[in-house]
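Descriptive structure summary
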Amino acid sequence: MDTLIQEFPQIRNGFYTTVWLLLFSGLISTVIGTVLASFRVSPVASLRALGTGYVNTFRNTPLVLVLALAISVIPTLGFNNLGFSIGIRDFTTFFTVAMLGLSFYTAAFVCEAIRSGVNSVSAGQAEAARSVGMGFGQSLRLVVLPQAFRAVIPPLTSIYIALAKNTSVVAIFGVPEAAYVMRKLSNQFTSDLWAIFIGIALGYVVIVMVISAIGTLLERKLAVAA
Amino acid sequence: MTAAARESSTASSTGPLVVLDHVNKWFGDLHVLQDINMAINRGEVVVVIGPSGSGKSTLCRAINRLETINDGSIMLDGQPLPQEGKQLANLRAEVGMVFQSFNLFAHKTILENVTLGPIKVRKLSKKDADELAQRLLDRVGVAHQANKYPAQLSGGQQQRVAIARALAMEPKVMLFDEPTSALDPEMIKEVLDVMVDLAKGGMTMIVVTHEMGFARTAADRVVFMSDGQIVEENTPDEFFTNPRSDRAKDFLGKILKH
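Residues numbered from 1 in each chain as written. Chains lettered and ligands numbered in written order. Predicted model: local features only at pLDDT ≥ 70, side-chain atom pairs only at ≥ 80, totals over all residues. Heavy atoms only, no water.

Before going further, it helps to examine the overall build of chain A. When helices and strands are counted, chain A shows nine helices and two strands. Put simply, chain A runs from its N terminus to its C terminus through helices and strands in the order α-α-α-α-β-β-α-α-α-α-α. The buried share of chain A, taken over its 226 residues, is 46%. Taking as baseline every contact in chain A between residues at least 6 positions apart, the subset at least 24 positions apart corresponds to 77%. One way to put it: in chain A the 14 positive side-chain charges average out to a point 13 Å from where the 8 negative ones average out. (Helix = DSSP H or I, 4+ residues; strand = E, 2+ residues; numbered from the N terminus. Buried < 20%, exposed > 50% of the residue type's maximum accessible area, 1.4 Å probe, protein only. Contact = heavy atoms within 4.5 Å. Lys, Arg positive; Asp, Glu negative; His and termini not counted. Charge placed at Lys NZ, Arg CZ, Asp CG, Glu CD.)

Structure, rendered in structure tokens:
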């Protein structure tokens, strides 16, 4: 227990990094995933193929491989100064690259969840949208996706929860998030292993509970509007 | 030579509004539209009837290209239907469509359902679109429901909103694909009343329906389809009292003997 209290600032910083990874990757993967989903349901065959190819590649590859690839490949493409800062927080190139790897990986799952949501919206909705003269993009954006998002909140919640836990994989690549801090502390304070593990696990539980709560809230809010 | 083809060859200087010329469509092996020739004049109300599976809905949907055709041509106001893209969207804006299952946008209010097209497609200001929508909702008798969601309305009310939504685009022609088939009997009349009103107002209408009463009151012409073909077409009076083909006699015998 003493270790947890004594090393609290380090653990707290680790979780800050975890939460930042989660927020950035969550946002980016949602954007990429939505674009991919619109590719996969589009009338253009080459876009559909692109979307399918992406999903098959990233969903079928273990996250560790995606991250290892991102970390070794992205800097060699000339992107070797991807560090940035927001306010007083600085983010290293490693952070950015790992975050992008997580985003690319998660986007494949987001895409499939949204695609299933699009399929759950009756075909008549898109037909009605087209009948008043909307193009494919407009009917998707104004009519189908808003209804699809309502249906995909439960699966998306699961995907963001998985993402929250998947952020721990970037520890292997030296990004000092919660799991990295845990490994460091457990090497340093071998007599306090249980406390360290349980303390860190509780941190993740809190994050996941917050995601679930937001999901439940959104689900309830959108359900009333129906 | 069918009556429609005769009519089209002697058309007025402005020409018919919708012309179907040797239209064929297959669903796999099924020949759902077989060499359909038909011309609909401006202000004309054509009712298409026939047994299920006769291709009448497909015909209706082909006119705004919700169904593609394999062969032949469809002209709207002298222009062939565009294949895709922006031109197709523009064409659809000119053709109002009312579906059997209403298909109101479930996540939008009644008012928004009517204003969405005018705002996003016709680029009307929100204020103008709201005024237009209120006027149309008033006309179809659901103005007081403007802020509700579709699911909160009865079927008959939803279908009337769907008609208002189509009218908001100021279409040249209105297509009705079995507009009352999903309605409870007591709600059919309120929808038909709106449609009769539209017909009297001079709207060009193509109506796929089983409502013989509507055909008698409002139609200029009845087109009877069976097995993907136009079997017979005539004025409602002639068609109902004196059908010529055996298939039409058989069909009318089945539906009118109650």
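Once you've had a look at it, read on.
A tally of helices and strands in chain B yields ten helices and ten strands. For chain B, whose C-alpha radius of gyration is 18 Å, the value lies close to the compact-globule estimate of 18 Å for 258 residues. Structurally, chain B occupies a C-alpha span of about 50 × 45 × 40 Å along its principal axes. Residues classed as buried in chain B amount to 56% of the 258 residues present. Sequence-distant contacts in chain B: of pairs separated by 6 or more residues, those separated by 24 or more amount to 66%. (Rg over C-alpha atoms; globule rule 2.2 N^0.38 Å.)

Attention shifts here to the interface of chain B and chain A. Reports often express the size of an interface as the amount of accessible area lost when the parts come together. On the chain A side, the residues contacting the 23 residues of chain B number 18 residues. For the pairing of chain B and chain A, the buried interface totals around 1,800 Å² over both sides, and the portion due to carbon and sulfur atoms is 59%. On the chain B side of the contact with chain A, B:Arg92, B:Phe105 and B:His107 bury the most area, a combined 29% of that side's loss. At the junction of chain B and chain A, the tally comes to one salt bridge. (Buried area = accessible area lost by both parts, 1.4 Å probe. Salt bridge = Lys/Arg side-chain N within 4 Å of Asp/Glu carboxyl O.)

What follows covers helix α5 (residues 126-139) of chain B. Residue and element names in this part refer to chain B. Its 14 residues give α5 an end-to-end C-alpha distance of 20 Å, which sits within 8% of 20 Å, the value for a rise of 1.5 Å per residue. Those residues of α5 that fall on the buried side of the exposure criterion are Ala129, Asp130, Leu132, Ala133, Leu136 and Leu137. Along the axis of α5, the buried residues cluster in a sector spanning 165°; they form a single face. Residues of α5 that are exposed and point more than 90 degrees away from the buried face comprise Lys127, Arg135 and Asp138. (Expected span 1.5 Å × (residues − 1). Arc of directions from axis to C-beta.)

This brings us to the sheet that holds strand β5 (residues 79-80) of chain B. The four strands lie next to each other as β2-β1-β4-β5 (chain B), forming an open sheet whose pairing is antiparallel. If you trace the sheet from one side to the other, it starts and ends with β2 (30-40) and β5 of chain B, each paired once. (Pairing = 2+ DSSP bridges.)

What follows is about the packing of aromatic side chains. By the definition in use, this model includes 14 aromatic pairs over all chains. Geometrically, the ring pair formed by A:Phe24 and A:Phe95 is edge-to-face, given 6.1 Å between the ring centres and 80° between the ring planes. Of this pair, A:Phe24 sits in helix α2 (residues 8-40) while A:Phe95 is found in helix α5 (residues 93-120), placing the two residues 71 residues apart along the sequence. What makes A:Phe95 buried here is its relative accessible area of 3%. Counting every residue linked through ring pairs, the aromatic cluster contains A:Trp20, A:Phe24, A:Phe84, A:Phe91 and A:Phe95. Across the ring face of B:Phe105, the terminal group of B:Arg165 is positioned such that the distance to the ring centre comes to 4.6 Å. (Phe/Tyr/Trp six-rings, centres within 6.5 Å; stacked < 30°, edge-to-face > 60°. Lys NZ or Arg CZ within 6 Å of the ring centre and 35° of its normal.)

This brings us to the packing of helix α4 (residues 63-73) of chain A against α5(A). Residue and element names in this part refer to chain A. Following both chains from N to C, one finds α4 and α5 inclined at 135°, their axes separated by 9 Å at the closest point. Taken together, α4 and α5 sit at an angle that is classed as oblique. In this structure, the crossing between α4 and α5 has a hand that is right-handed. Taking contact as the criterion, the partners of Leu63, Val66, Leu67, Ala70 and Ile71 in α4 are, on α5, Phe94, Val97, Ala98, Gly101, Leu102 and Tyr105. (Axes fitted to C-alpha atoms, helices over the stretch in contact; angles between N-to-C directions. Parallel < 35°, antiparallel > 145°, perpendicular 65-115°, else oblique. Left-handed = near helix turned anticlockwise from the far one by under 90°.)

What follows concerns the pairing of β2(B). All names here are of chain B. In this sheet, β2 lies alongside strand β1 (residues 18-27) in antiparallel orientation, the contact comprising seven bridges. Residue pairing across strands places Leu20 opposite Met38, the latter belonging to β2. The hairpin formed by β1 and β2 contains two residues between the paired strands, and Gly28 there has a positive phi angle of roughly 60°.

Attention now moves to the confidence of the model for chain A. Looking at chain A, the pLDDT average stands at 90 and 98% of residues meet or exceed 70. Per-element averaging of pLDDT across chain A places strand β2 (residues 89-91) of chain A at the bottom with 80 and helix α3 (residues 45-59) of chain A at the top with 96. (pLDDT = per-residue confidence, 0-100.)

The next subject is the pattern of salt bridges. Applying the stated criterion across every chain yields a total of 20 salt bridges over all chains. Here A:Glu127 and B:Arg61 are joined by a salt bridge, their closest N and O atoms 2.6 Å apart. Of this pair, A:Glu127 sits in helix α6 (residues 123-131) while B:Arg61 sits in helix α2 (residues 56-63), placing the two residues on different chains. For B:Arg61, a relative accessible area of 14% gives the class buried. The salt bridge partner of B:Lys25 is B:Glu67, with a shortest N-O separation of 3.8 Å. Of this pair, B:Lys25 sits in strand β1 while B:Glu67 sits in the loop between α2 and β4 (71-76), and the two are 42 residues apart along the sequence. The same class applies to B:Lys25 and to B:Glu67, which are both buried. Linked through salt bridges whose partners overlap, the residues forming this network are B:Arg42, B:Asp77, B:Glu94, B:Arg122 and B:Lys172.

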